[in-house]
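Close look at the chain arrangement
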Amino acid sequence: MLHNGVGDVRRAMRLILMAVTFMGVIAAGFTGYKVFFESGKMAQGDVLPNSPNDDYKNRVCILLIGADQRPEQKKFSTDSIILASVDSETKRTSLLSIPRDSRVALSKNGYVKINEIVALTDLSTLQRTVEELTGVEIAGYVQTNFQGFKDIIDSLGGITVNVEKDMYYETGDEEDGVINLHKGEQRLDGAKALQYARFRHDALADISRTARQQIVLKAVAKEMFQLSTIPKLPVLVPKVMGMVNTNLSSLDIFRLAKVAAGFQSSNVVSQTLPGSFLDLDGVSYWKIDPIEVKKVVENLFQGKTTDKVIDQEKVDLLKPVTPTPSKPLPKVPGNSQDPNGRKSPGYQVLQEDFTYNINFPNE
């Protein structure tokens, strides 16, 4: 599917990885619930892993990781990072996307981009770093790659997505060589869903793609819990779970089943972690405020989001308009205003002109 020298294709697919992961956790939880809880094999007194903060006692958090990894690779970057959290009382699911260029402190390594952590250390260290960053305890991680994604979507019968604009990009990949989508609400099969999740070739680069990632996650979750999907679970669950690497024990998954069984696709809130562009020593970062991060997490757990994602400006990541002199495009890592180009680790060279479109909601 991938060929040597087409690294941007491999990296460009990272957003879709999380759809597979999230679906795997939900599917496994649903199955665990039906088999173990309803059969009485799970004790009614079992409790979920909790955060030290009592305000989060009904909530369980999982770190979803999409790896930029080929089968033969032992070291890889983890460019898709989502803190997925479900409240067993409110049945609310929260998704916090952490941009790959976020600047974080790593013991013995100083400050690094968060997507470098696993290559420098391991997945458990990434989990601990996100715990420190957000202030919540994480039950475990689930990491996957993109293999089989199209088959899983096709097994669901596709997903419904409102594509926000026309998208066209020639990836250079032999099998999925062209991204070619038209604006509007439509049913996407596996190949088309893959195209939507891969697209990052606009003015906000990976920041806008985190929003598309969340759209795909929500669409997959909604499809998974339709009554017509339930008969397909025996086929879907082994297919999905065969694609993931996790440190969750079987008991953890069975406990999570209590939460997953009450999942409501209409009660999902999502947020991209706000920040600002930071050019430091020739490296472009996504600068985040540790105090602000914890406020964002607290609000998100209460169902509150903010559209002040970039440099405290209100920006709609999915409804682009042409910028004006009074509302110029904000600078983010990887877009045309990034002065570092390929000198900045993780930067991808784009082969086509940017579409400088962005929407600023009314104050």
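Just above sits the structure.
Residues numbered from 1 in each chain as written. Predicted model: local features only at pLDDT ≥ 70, side-chain atom pairs only at ≥ 80, totals over all residues. Heavy atoms only, no water.

1. Quick notes on the pattern of salt bridges
Pairing of side chains with opposite charge becomes possible as their charged atoms draw close. As a reminder, the rule being used: Throughout this description, the term salt bridge denotes a Lys or Arg side-chain nitrogen within 4 Å of a carboxyl oxygen of Asp or Glu. A run of H or I in DSSP becomes a helix once it reaches four residues, and a run of E becomes a strand once it reaches two; helices and strands are each numbered from the N terminus. Under the scheme applied here, a residue whose accessible area is under 20% of the maximum for its type counts as buried, over 50% as exposed, and between as partly exposed, the area being computed with a 1.4 Å probe on protein chains only.
As enumerated under the stated definition, the model contains nine salt bridges in all. Where Arg 59 meets Asp 87, a salt bridge forms, and the shortest distance between an N and an O atom there is 3.6 Å. With Arg 59 in strand β1 (residues 59-68) and Asp 87 in strand β2 (residues 77-87), this pair connects stretches of sequence that are 28 residues apart. Taken as a pair, Arg 59 and Asp 87 share a single burial class, namely buried. Among the ionic pairs, Lys 113 bridges to Asp 101, the shortest N-O distance being 2.8 Å. Linking Lys 113 in strand β5 (residues 110-113) with Asp 101 in the loop between β3 (93-97) and β4 (103-106), this pair joins segments that are 12 residues apart in sequence. An identical accessibility class is assigned to Lys 113 and Asp 101; each is buried. Ionic contacts of the salt-bridge type, sharing partners, join the residues Arg 100, Arg 200, Asp 206 and Arg 209 into one network.

2. Side note on the packing of aromatic side chains
Think of a pair of aromatic rings as described by two things: how far the centres are apart, and how the planes are tilted against each other in angle. What counts, and what does not: Any two rings among Phe, Tyr and Trp, with Trp reduced to its six-membered ring, count as a pair given centres within 6.5 Å; such a pair is stacked if its planes are under 30 degrees apart, edge-to-face if over 60, and tilted if neither. We call a charge positioned above a ring when the Lys NZ or Arg CZ atom is no farther than 6 Å from the ring centre and deviates by at most 35 degrees from the ring normal.
According to the stated counting rule, one finds zero aromatic pairs in the structure shown. Just above the ring of Tyr 111 sits the side chain of Arg 103; from NZ or CZ to the centre is 3.9 Å. Over the aromatic face of Tyr 285 sits the side chain of Arg 103, whose NZ or CZ is 5.5 Å from the ring centroid.

3. Re the side chain of Arg 200
Just so we agree on the cut-off: Here a polar contact is recorded for every N or O atom pair within 3.5 Å, except that within protein the pair must consist of a potential hydrogen donor and a potential acceptor, and residues adjacent in sequence are included only if both atoms are side-chain atoms.
Topologically, Arg 200 is positioned in the loop between α6 (190-198) and α7 (205-224). A relative accessible area of 1% means that Arg 200 is categorised as buried. Only 3.5 Å separates the side chain of Arg 200 from the side chain of Asp 206, close enough to count as a polar contact.

4. Looking at the packing of helix α4 (residues 123-134) against helix α10 (residues 290-301)
Quick note on the threshold: Structural elements are reduced to axes, namely lines fitted to C-alpha atoms, with helices fitted over the stretch in contact, and the angle between N-to-C directions of any two is expressed from 0 to 180 degrees. Each angle receives one of four descriptions, namely roughly parallel if under 35 degrees, roughly antiparallel if over 145, roughly perpendicular if within 65 to 115, and oblique otherwise. Contacts are assigned to residue pairs with any non-hydrogen atoms lying within 4.5 Å of each other. Each residue gets one label: Ala, Val, Leu, Ile, Met, Phe, Trp, Tyr, Cys and Pro are nonpolar, Asp, Glu, Lys and Arg are charged, and the others, such as Gly, are polar.
At a minimum axis separation of 8 Å, α4 and α10 run at an interaxial angle of 85 degrees. Classified by the angle between their axes, α4 and α10 sit roughly perpendicular to one another. Each of Glu 132, Leu 133 and Thr 134 in α4 lies in contact with α10, whose residues at this interface are Pro 290, Val 293, Lys 294 and Val 297. Taken together, the residues of the contact of α4 with α10 sort by class into four nonpolar, one polar and two charged.

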